[in-house]
Amino acid sequence: MSFFEKYLKGWTFRSTKPSFDVGDEISVFVSETNGTDAGLAYIGDTQLIVEGAGPEAVEKRVRLRVTEFDEAESIGRGEFLEVVGESSYTQ
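Now for the sheet that holds strand 4 (residues 46-51). Read from one edge of the open sheet, six strands run 1-5-6-4-3-2, paired in mixed fashion. Where the open sheet ends on each side, the last strands, each with one partner, are strand 1 (25-29) and strand 2 (32-33). Relative to strand 4, strand 3 (residues 38-43) is paired through six bridges, and the arrangement is antiparallel. Bridge pairing in strand 4 places Gly-39 opposite Val-50.

See the structure below:
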């Protein structure tokens, strides 16, 4: 193994458009709401609609289960499971 290969071992690049599989459980910050019972979360350029995360979930870290995802459009839906934390920016 060359010095260059040793130096780069384990390096990976993050995508600005991560993709998810149906059934994945992930934690995200809900950044806004549609005013009723769905929140919006952004992971890079990927947008997830979080069903069941109403206005009380905005600026909170929530756990969700991905219910559908369109990799070509980087848009998906998830089912709200629970609040797991708060943003350090909320007062």
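Past the structure itself, the notes keep going.
Negative charge collects at one region of the surface, where Asp-21, Glu-68, Asp-70, Glu-71 and Glu-73 lie side by side. With relative accessibility at 54%, the residue Asp-21 sits in the exposed group.

In the structure shown here, the tally under the stated rule is two aromatic pairs. Here the aromatic rings of Phe-20 and Phe-69 are separated by 5.7 Å at their centres, their planes lie at 90°, and the arrangement is edge-to-face. Of the two residues, Phe-20 sits in the loop between helix 1 (3-8) and strand 1 while Phe-69 sits in strand 5 (residues 60-70), which places them 49 residues apart along the sequence. The exposure class of Phe-69 is buried, given its relative accessible area of 19%.

In this section: the environment of Leu-8. Looking at the element boundaries, Leu-8 is found in helix 1. Along the primary structure Leu-8 and Glu-73 are separated by 65 residues, whereas in three dimensions their C-alpha atoms are 31 Å apart.

Here Ser-74 shows up in the loop between strand 5 and strand 6 (75-86). Look at Ser-74 and you get buried, because its relative accessible area is 4%. Apart from residues no more than four positions distant in its own chain, Ser-74 is found in contact with Lys-17, Asp-45, Thr-46, Gln-47 and Phe-69.

Attention now goes to the nonpolar core. Ranked by internal contacts, the top residues of the largest apolar core, which has 13 residues, are Phe-20, Ile-26, Val-28, Leu-48, Leu-64 and Val-66. Mapped onto this core, the elements with two or more residues apiece are strand 1, strand 4 and strand 5. No other element matches the four residues that strand 5 contributes to this core. Among all residues touching Leu-64, those that are not within four sequence positions of it are Asp-24, Glu-25, Ile-26, Val-28, Leu-48, Val-50, Gly-78, Glu-79 and Leu-81.

Scoring rules and cut-offs
Residues numbered from 1 in each chain as written. Predicted model: local features only at pLDDT ≥ 70, side-chain atom pairs only at ≥ 80, totals over all residues. Heavy atoms only, no water. Pairing = 2+ DSSP bridges. Helix = DSSP H or I, 4+ residues; strand = E, 2+ residues; numbered from the N terminus. Patch = residues over 30% accessible without salt bridge, like charges linked within 9 Å, V, L, I, M, F, W, Y side chains within 5 Å. Areas by Shrake-Rupley, 256 points an atom, 1.4 Å probe, with all protein chains shown as cover. Salt bridge = Lys/Arg side-chain N within 4 Å of Asp/Glu carboxyl O. Lys, Arg positive; Asp, Glu negative; His and termini not counted. Charge placed at Lys NZ, Arg CZ, Asp CG, Glu CD. Buried < 20%, exposed > 50% of the residue type's maximum accessible area, 1.4 Å probe, protein only. Phe/Tyr/Trp six-rings, centres within 6.5 Å; stacked < 30°, edge-to-face > 60°. Contact = heavy atoms within 4.5 Å. Core = buried A, V, L, I, M, F, W, Y, C linked by side-chain atoms within 4.5 Å.

Read these as spatial facts, not as claims about activity.
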